[in-house]
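Structure at a glance
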Amino acid sequence: MNNRQVTKTHVEQAKRKLESDQITTGVSKLTEHARLTLYALTTFAADGETPVTSPTVRERYLALCSSSGIDPLSHRQMQSHLSELKMMGVITGRERNLGRRGGKKVLYGLNYDLGLITETLAETIDEVGVHRSIQSFVKNHSER
């Protein structure tokens, strides 16, 4: 189409394409365990359960590693991947004070559209298997 005016729709489409390209490039450079960490967080977002703490993400990360025969990293190493993803802007991490007994915790969530994140994780999802929470976001999925 040869439109003479740039509309709000054009701007939104261009913004989504730019975000998609940035995320795809960034995620493609991540290690296998960083992608698994992002995948684990993505499953909570798909269930509407974010923000979540790193121990909660770790439980799902361990399950994904186990189901795919991958040796998991230590909690500290997995947490460093959360920090890396936060620095990249792919996820959010907000510190919350949970009182004397709870201490300070960082609560993590996705910073981008769930569909976009699952698209960028397609290869990882194919390798590990489709988690039930993201089935509706994954095209041509099959249960492993």
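Each remark here, short or long, concerns the structure printed above.
The structure reproduced in this document is the subject of the present report. (Residues numbered from 1 in each chain as written. Predicted model: local features only at pLDDT ≥ 70, side-chain atom pairs only at ≥ 80, totals over all residues. Heavy atoms only, no water.)

**Some words on the packing of helix H3 (residues 54-68) against helix H4 (residues 75-88)**
The geometry of H3 relative to H4 is characterised by a closest axis approach of 10 Å and an angle of 105 degrees between their N-to-C directions. By the angle between their axes, H3 is roughly perpendicular relative to H4. Between H3 and H4, the residues in contact are Ser 54, Pro 55, Val 57, Arg 58 and Tyr 61 and His 75, Met 78, Gln 79 and Leu 82, respectively. Of the residues contributing to the contact of H3 with H4, the split by class is 5 nonpolar, 3 polar and 1 charged. (Axes fitted to C-alpha atoms, helices over the stretch in contact; angles between N-to-C directions. Helix = DSSP H or I, 4+ residues; strand = E, 2+ residues; numbered from the N terminus. Parallel < 35°, antiparallel > 145°, perpendicular 65-115°, else oblique. Contact = heavy atoms within 4.5 Å. Nonpolar A, V, L, I, M, F, W, Y, C, P; charged D, E, K, R; others polar.)

**Regarding the pattern of salt bridges**
Applying the stated criterion across every chain, the model contains 2 salt bridges. With its nearest N and O atoms 3.1 Å apart, the salt bridge here joins Arg 132 to Asp 47. One end of the pair, Arg 132, is in the segment after helix H7 (122-128); the other, Asp 47, is in the loop between helix H2 (32-46) and H3, and 85 residues separate them in sequence. In this structure Arg 132 comes out as exposed when scored by relative accessible area, which is 53%. (Salt bridge = Lys/Arg side-chain N within 4 Å of Asp/Glu carboxyl O. Buried < 20%, exposed > 50% of the residue type's maximum accessible area, 1.4 Å probe, protein only.)

**Concerning the nonpolar core**
Here is a general trend for soluble globular proteins: nonpolar side chains tend to be buried in one another's company. Grouped together as the largest cluster of nonpolar side chains are 34 residues, with contacts concentrated most on Leu 38, Ile 91 and Leu 110. Listed by contribution, the elements that provide at least two residues to this core are helix H1 (8-28), H2, H3, H4, strand S2 (104-110), helix H6 (114-120) and H7. If one sorts the elements of this core by residue count, H2 sits on top with 8 residues. In this view, Leu 110 contacts Leu 38, Leu 41, Thr 42, Ala 45, Val 90, Ile 91, Thr 92 and Ile 117; residues no more than four positions away in its chain are not counted. (Core = buried A, V, L, I, M, F, W, Y, C linked by side-chain atoms within 4.5 Å.)

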